[in-house]
Amino acid sequence: MVTDSVSSAVRAFQAPKGTYDLLPPDSAVFLAVREAIAAPARRAGYGYVETPGFENVELFSRGVGESTDIVTKEMFTLTTKGGSELALRPEGTASVLRAALQANLHKTGNLPVKLWYSGSYYRYERPQAGRYRHFSQVGAEAIGAEDPLLDAELIILAVDAYTDLGLRNFRLLLNSLGDRECRPVYRAALQDFLRGLDLDEETRARIEINPLRVLDDKRDSVQKQLADAPLIRDHLCEACKAYHEEVRALLTEAGVAFEDDPRLVRGLDYYTRTTFEFVHDGLGSQSAVGGGGRYDGLSEMIGGPALPSVGWALGVDRTVLALRSEGVELALPAVTDVYAVPLGDEARRALFGTVTALRRAGVAADFAFGGKGMKNAMKSANRSGARFALVAGERDLAEGVVQLKDLGSGEQTAVPLAEVVASVKARLV
Ligand code: AMP
């Protein structure tokens, strides 16, 4: 009885709304995507950084911006028993910069500090296809240098990651948001324009706090009125214009296609100058697979020195969806190369030893655990995707051999026990 009530209680649990579990075999694709996104950054000298899953809430309200949706609506916040206000991290950049500043990495005289990261992020969003409350990003940040080559480097690394994965239908949208010199002038011009439009109260309030975000409003009724809105590109100062032209030229030289998108503003307040987003057309409304840009003022916003920086974060969940929408199958390493099927107790011991030896020699090997009968064990062997089954009964062991069965052709060979590892390795190459 007790068991019954426990199991029905357990059955009642579901993953929380807006989350999903990663399970084999799909989880292998996820891992491969994470790895593929990180690989180009690692090759370019970015070192791995890992920060806590939660931070003081103020890091995000100051860093990401008090008026952003992320901070006002989407943070999972909590108060600790000691009274600290924490938030599950909604994004990576503020934490990574906080960690670099805390460890004084910027004082080692070796700028830029180049870091990459991979992990879980949390936003209390309305869940839909491609939009979750728990999702994964891989990110890269170059901290402490103002150099258009660095902006170009990061964008190229992201493009190379997608390309290496076999993704084709993604587009790079590029803009410059100006700097503390020219952005305020543009902001004022945009506010003047927006104040003359027919907008709801919430949007009118946004004009005063963060007018650039109004450009990002997805509603048709708003977009229609924005046709003649002033654009930042017509307000860039000479320095920002030159910087942006250089980034564009470097990308062109590297063979990276991009689309100028003078309305790209993105949902985080810290961006300056170069801003970009990768979109994929097979994903419906949640089309952004990754994005980033320069954030020259963020360090000062969170109490650090002036440290011009640039970075990106690519969404792992949406990259997996994008690959699926294009029908791209990743070449994943075999989960199991060899599957051992023992017949009898003596064979269980002997083959368990052989499986251990195979694994130590770098061969992916598994075993028919639980004393399965031959028929069931062979079914498991086939289901495992292994290329070979190792079958042994008492008679084989008496002769000092095991049967190595090619599960593709059905061909079977007796191999001396002592030679199994070498023989399997030779056949697997
Ligand atoms: P952002 O930090 O908003 O620029 O997001 C960077 C990338 O993270 C996006 O392009 C998405 O691929 C991914 N991402 C952001 N929010 C979510 C979410 N709620 N669910 C799934 N992926 C997300």
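See the structure above.
Predicted model, so just to flag it, every value in this text is computed and none were measured.

Any space left empty among the atoms is revealed by the rolling of a water-sized probe across them. All told, the structure shown has one cavity of 30 Å³ or more when counted by the stated rule. Considered as a void within the structure, the largest cavity measures approximately 30 Å³ in volume. Val 49, Glu 50, Thr 51, Arg 89, Tyr 117, Ser 118 and Tyr 121 together form the lining of the largest cavity. Grouping the constituent residues of the lining of the largest cavity by class yields three nonpolar, two polar and two charged.

A few words now on the layout of surface pockets. A volume near 320 Å³ is recorded for the second largest pocket. Lining of the second largest pocket is provided by 17 residues; of these, Asp 179, Arg 180, Thr 272, Asp 296 and Gly 297 occupy positions nearest its centre. Sorting the residues of the lining of the second largest pocket by element identifies helix 7 (183–195), strand 9 (272–280) and helix 11 (298–301) as the ones contributing at least two each.

What surrounds the ligand is a group of 14 residues, the closest being Arg 123, Glu 125, Tyr 132, Gln 137 and Arg 266. Between the ligand and the protein, one listed contact pairs an oxygen atom with a backbone N or O atom of Val 289 at 2.9 Å. Within the backbone of Gly 315, an N or O atom sits 3.5 Å from an oxygen atom of the ligand. At the level of secondary structure, the elements contributing two or more residues to the shell around the ligand comprise strand 6 (134–143), strand 10 (288–294) and strand 11 (309–315). At three residues, strand 10 tops the list of elements feeding residues into the shell around the ligand. Of the residues belonging to the shell around the ligand, the class tally is five nonpolar, four polar and five charged.

Relative to strand 16 (residues 412–416), strand 15 (residues 401–406) is paired through five bridges, and the arrangement is antiparallel. Residue Leu 404 lies in a different strand from strand 16, and its bridge partner there is Thr 413.

All right, on to the sheet that holds strand 16 then. Taken together, the five strands give an open sheet; going across it, the order is 13-12-14-15-16, and neighbouring strands pair in mixed fashion. Edge positions in the sheet fall to strand 13 (365–367) and strand 16, since each of these pairs with one other strand and no more. In this sheet, neighbouring strand axes are inclined to one another by 25° on average, regardless of whether the strands run parallel or antiparallel. Here three bridges tie strand 12 (residues 338–342) to strand 13, and the two strands are oriented parallel to one another. Paired with Val 338 across the bridge in strand 13 is Ala 365. Of the strands in this sheet, strand 12, strand 13, strand 14 (388–392) and strand 15 are in contact with helix 13 (residues 345–360), which crosses strand 13 at around 160°.

Turning our eyes to something else, we now look at the sheet that holds strand 6. Read across the open sheet, the eight strands follow the order 1-5-6-11-10-9-7-8; overall the sheet is mixed. A single partner strand is all that each edge strand has here, and the edge strands are strand 1 (47–48) and strand 8 (259–260). In this sheet, strand 11 lies alongside strand 6 in antiparallel orientation, the contact comprising seven bridges. Within strand 11, the residue paired with Val 138 across the bridge is Leu 314.

What counts, and where the lines are drawn
Residues numbered from 1 in each chain as written. Predicted model: local features only at pLDDT ≥ 70, side-chain atom pairs only at ≥ 80, totals over all residues. Heavy atoms only, no water. 1 Å grid on protein atoms, 1.4 Å probe; cavity = no way out; pocket = protein on both sides within 12 Å on 5 of 7 lines; lining within 4 Å. Points joined across faces, edges and corners; volume = space filled by probe spheres on them. Nonpolar A, V, L, I, M, F, W, Y, C, P; charged D, E, K, R; others polar. Helix = DSSP H or I, 4+ residues; strand = E, 2+ residues; numbered from the N terminus. Near = heavy atom within 4 Å. Polar contact = N/O pair within 3.5 Å; in protein donor to acceptor, adjacent residues only side chain to side chain. Pairing = 2+ DSSP bridges. Axes fitted to C-alpha atoms, helices over the stretch in contact; angles between N-to-C directions. Contact = heavy atoms within 4.5 Å.

Treat this as a map of the structure, not an account of what it does.
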